Amino acid sequence: MDKKKLRKLNLCLYGGAIIISLLVLYTFIFVFNNGIGWKIFLIIVGICWLLSAISGFIKNLDDKGK
């Protein structure tokens, strides 16, 4: 697979991961009602997923000239 197609695939995957992370974070904040400890833990995990997806997306945007 050439670099242009791989970059496009990575952008699509990271874009989808951002959307899924936002949905999961919404679920953890507003829907999940098990316990405050679990809720805090899952919110932190959701924020980490979101930050990871955003950083991967930005990294692939910067790699267009390489």
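Now for a quick tour of the structure.

What counts and how
- Residues numbered from 1 in each chain as written.
- Predicted model: local features only at pLDDT ≥ 70, side-chain atom pairs only at ≥ 80, totals over all residues.
- Heavy atoms only, no water.
- Helix = DSSP H or I, 4+ residues; strand = E, 2+ residues; numbered from the N terminus.
- Expected span 1.5 Å × (residues − 1).
- Buried < 20%, exposed > 50% of the residue type's maximum accessible area, 1.4 Å probe, protein only.
- Contact = heavy atoms within 4.5 Å.
- Patch = residues over 30% accessible without salt bridge, like charges linked within 9 Å, V, L, I, M, F, W, Y side chains within 5 Å.
- Areas by Shrake-Rupley, 256 points an atom, 1.4 Å probe, with all protein chains shown as cover.
- Salt bridge = Lys/Arg side-chain N within 4 Å of Asp/Glu carboxyl O.

Between the first and last C-alpha of helix α2 (residues 36–62) there are 39 Å, a value that for 27 residues agrees with the 39 Å anticipated at 1.5 Å per step. Buried within α2 are the following residues: L42, G46, L50, A53, G56 and N60. Elements in contact with the buried residues of α2: α1 (3–31).

With that settled, consider a nonpolar patch on the surface. On the surface, M1, L6, L9 and L13 cluster together to form a nonpolar patch covering roughly 430 Å² of accessible area. Relative to the helices and strands, L6 resides in helix α1. Relative accessible area serves as the criterion here: at 39%, L6 is assigned to the partly exposed category.

By the secondary structure assignment, N60 is in helix α2. A residue is classified by how much of its surface remains accessible, and N60, at 9% relative accessible area, is buried. Residues contacting N60, with those up to four places away along its chain left out, are R7, N10, L11 and Y14.

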